[in-house]
Amino acid sequence: MVRHPVFRTASTALAAAALLALTACAPHPSPSSTAHGSSTTSATPTASATPSAAPLPVDVLFQITVIATAPNGAMARLTETVHAPVATTDQQSDDEAQLDNECDSWRSAFSSTKFVVGQVQAILVSGSWDPNQVIAADMAGYPVWQGDQRPFQGFCASALPSIPGGARAVSPVGGGDPDHDGGWAIYRYGFGVPAEPGADGPSSTDVVLSHCSIRVGSAAHDSVFASSWAATLQSAKGESCYFGGS
């Protein structure tokens with residue numbers, strides 16, 4: 001059973017960003033028999049074919065991309081690139097210190113622990129982006145963040161990346177089977193728009209997400225779950241672009 005992290009409240013969290021459903025540790029839908037290997041998908045509300053691109057680096061599990069459109073017409077492209085689990089990161093001491101400070105239970109969460117590192121890149125495509133128009137990035141179960149971002153609701157959870165900007169996330173995961181016992185593929189990844197409780201779809205003052213797509217790399221070949229992600233996009237009324245979890 002996946003243990004849920006104990007969050008510490010962040011004083012800088014946005015009060016208006018209420019209760020977005022961003023729980024990363026939810027059960028994963030049943031995997032499909034889709035063949036392993038690199039794959040690409042794009043989805044509604046404005047689906048389009050993904051242009052040809054160079055193969056992902058060999059250590060990349062997957063890359064998620066989405067277009068965000070603000071109420072004033074400004075557009076941004078957000079990309080989340082997640083790398084295969086490693087025993088130690090390129091800044092292990094600092095990452096562990098931040099995990100100890102922000103995620104109370106991470107050291108006891110798994111019998112064997114590895115770390116996934118992700119980057120979120122937000123590029124302004126057109127217009128002027130209002131910093132009050134926010135998008136939340138999801139990244140595995142116990143993420144700590146650095147760079148151009150601020151916490152969403154609490155530490156050791158989703159973050160609100162700056163637009164434009166770049167952020168780095170590190171999350172401990174189970175070091176064994178990627179589809180069981182806290183492995184990286186049981187979690188949810190991607191982007192979502194914070195919404196007011198009870199809201200039925202985005203309002204005229206919300207960011208709208210479109211052209212949601214994923215590229216699954218060869219580094220993810222050991223995961224049955226990830227092999228089905230290209231066919232199991234979670235996208236709702238322009239509010240989300242998620243893969244994995246449920």
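Model, not experiment: these values are computed from the prediction. One numbering rule holds for all chains: residues counted from 1, following each sequence as written. For a predicted model such as this one, the threshold for reporting local features is a pLDDT of at least 70, and the threshold for listing and counting side-chain atom pairs is 80 or more; totals across whole chains, interfaces and linings nevertheless cover every residue. To obtain the side-chain values, all non-hydrogen atoms of the structure were used and water was disregarded.

Trainee: I'd like a description of helix H1 (residues 92-102), backed by residues and values.
Mentor: Three exposure classes are used, based on accessible area relative to the maximum for each residue type with a 1.4 Å probe and protein chains only: buried under 20%, partly exposed in between, and exposed over 50%. Each helix is a run of DSSP H or I of at least 4 residues and each strand a run of E of at least 2, with the numbering of both proceeding from the N terminus. Restricting attention to buried positions, one finds in H1 the residues Gln 92, Asp 95, Gln 98, Leu 99 and Glu 102. Buried positions in H1, seen along its axis, are confined to an arc of 130° and lie on one side of it. The exposed residues of H1 that point more than 90 degrees off its buried face are Ser 93 and Asp 94. Tucked inside the fold, the buried residues of H1 contact strand S4 (113-126), strand S6 (144-147), strand S8 (154-161) and strand S9 (165-174). By arc we mean the arc of the directions from the helix axis to the C-beta atoms, nothing more. Pairs of residues are marked as contacts when any of their non-hydrogen atoms sit within 4.5 Å.

Trainee: Outline the environment of Arg 150, listing residues and values.
Mentor: Along the chain, Arg 150 turns up in strand S7 (residues 149-152). We call two N or O atoms a polar contact when they sit within 3.5 Å, provided that within protein one can donate a hydrogen and the other can accept it, with sequence-adjacent residues counted only if both atoms are side-chain atoms. In terms of polar contacts, Arg 150 uses its side chain to reach the backbone carbonyl oxygen of Pro 131, at 3.4 Å.

Trainee: Let's hear about the pattern of salt bridges: which residues, and what values?
Mentor: Basic side-chain nitrogens of Lys or Arg form a salt bridge, by our definition, when they fall within 4 Å of a carboxyl oxygen of Asp or Glu. Considering all chains together, one arrives at 5 salt bridges under this definition. Residues Asp 90 and Arg 168 are paired through a salt bridge, measuring 3.0 Å at the closest nitrogen-oxygen approach. Here Asp 90, found in the loop between strand S3 (75-83) and H1, pairs with Arg 168, found in strand S9; they are 78 residues apart in sequence, far enough to count as distant. What you see here is one network of salt bridges that share partners, running through Asp 90, Asp 95 and Arg 168.

Trainee: Just give me the short version of the confidence of the model for the chain, but keep the residues and values in it.
Mentor: Chain-level pLDDT for the chain is 82 on average; 74% of the residues reach the 70-or-more range. The pLDDT value tells you how sure the predictor is about a given residue, anywhere from 0 up to 100. Overall, residues 1-49 carries pLDDT values under 50, and its contacts beyond four positions in sequence, including any with other chains, amount to 137 contacts.

Trainee: Outline the pairing of S3, listing residues and values.
Mentor: Across the 9 residues that make up S3, a large majority, 7, are buried. Relative to S3, strand S2 (residues 60-69) runs antiparallel, the two sharing 9 bridges. Bridge pairing in S3 links Val 66 to Leu 78. A pair of strands is considered paired only if DSSP assigns at least 2 bridges between the two. Taken together, S2 and the strand that follows it, S3, pair antiparallel across an intervening segment of 5 residues, in which Gly 73 is found at a positive phi of about 95°.

Trainee: Which residues make up the nonpolar core, and what are the values?
Mentor: Within the largest apolar cluster, 55 residues are counted, with the highest numbers of intra-cluster contacts made by Phe 62, Trp 184, Tyr 189 and Trp 229. Beyond its immediate stretch of four places on either side in the chain, Trp 184 contacts Leu 61, Phe 62, Pro 85, Val 116, Val 173, Pro 178, Tyr 189, Ala 220, Ser 223, Ala 226 and Trp 229. By convention a nonpolar core is built from buried Ala, Val, Leu, Ile, Met, Phe, Trp, Tyr and Cys residues, the set being connected through side-chain atoms within 4.5 Å.

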